[in-house]
Amino acid sequence: VLRCLGIPTRVITNFNSAHDKNLNLSIDKYIDMSGNNLHLSEDSVWNFHVWNESWFIRRDLGSFYDGWQVLDATPQEKSRGIYQCGPASTKAIKEGDVNLDYDSPFVFAAVNADCVTWIRYSKKRKERIYSDTRKIGKFISTKAVGTNSRVDITDNYKYPEVKEISFKISYSQYKNSLMDDRKILVTAV
């Protein structure tokens, strides 16, 4: 319909697409001390999800957010009381501007949520035991103009993932990193 109105529009496919039901920007999995899944979260990861992008000028958000906007014709959650999603600026999603209207946090999570596993010891006590920051939002693609080739547009939605590099550290550094619940990362520039 938007193409019929002269608005540039394209179909987008996101592989490993997160469905962040509670909008905490992570896909949470809870297990008990025996490793059994507790089914406490409605979050999920879909093999893929498809939406549209259309090219808009965003006077409501400012010119920085002009350009491709996400519109999902098959929303699974209500937004402002009705089933709708967008228009969410791809620039806002890439920059992590999740406080903007038009479902920016939901789309940000779809392409960039962390997958986190928690051990639940009791209703009041849980511990994060695993976090995968690279699983979500792979091979975000559209069709090339004039051919059936795939064009990877992942860079329009997210910055390259930080790569962990192995190196030797002292035992005291390792012990302190565990106590502080931190990872030691080296970012290649």
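Residues numbered from 1 in each chain as written. Predicted model: local features only at pLDDT ≥ 70, side-chain atom pairs only at ≥ 80, totals over all residues. Heavy atoms only, no water.

### Comments concerning the confidence of the model for the protein chain
Here is step 1: Averaged over every residue, the pLDDT of the protein chain is 86; residues scoring 70 or more account for 85%.
Here is step 2: Counted against residues more than four places away or in other chains, residues 180-189, with its pLDDT under 50, gives 13 contacts. (pLDDT = per-residue confidence, 0-100. Contact = heavy atoms within 4.5 Å.)

### Thoughts on the environment of lysine 29
Here is step 1: Its place among the elements puts lysine 29 in strand S2 (residues 26-31).
Here is step 2: Separated by 14 residues in the primary sequence, lysine 29 and aspartate 43 place their C-alpha atoms 8.0 Å from one another.
Here is step 3: In this structure, lysine 29 is in contact with Asn37, Val116, Thr117 and Trp118, ignoring residues within four places of it in sequence. (Helix = DSSP H or I, 4+ residues; strand = E, 2+ residues; numbered from the N terminus.)

### Here's the deal with the sheet that holds strand S9 (residues 126-132)
Within a sheet, adjacent strands bond to each other through the backbone by hydrogen bonds, running parallel or antiparallel.
Here is step 1: Reading across the sheet, the three strands line up as S2-S8-S9 and stay open at both edges, with mixed pairing between neighbours. The open sheet is flanked by S2 and S9, the only strands paired with a single partner. Strand after strand, the sheet turns through a mean of 25° between neighbouring axes, direction not considered.
Here is step 2: Alignment of S2 against strand S8 (residues 114-120), held across six bridges, turns out to be parallel. The residue bridging isoleucine 27 from the neighbouring strand is cysteine 115, located in S8. (Pairing = 2+ DSSP bridges. Axes fitted to C-alpha atoms, helices over the stretch in contact; angles between N-to-C directions.)

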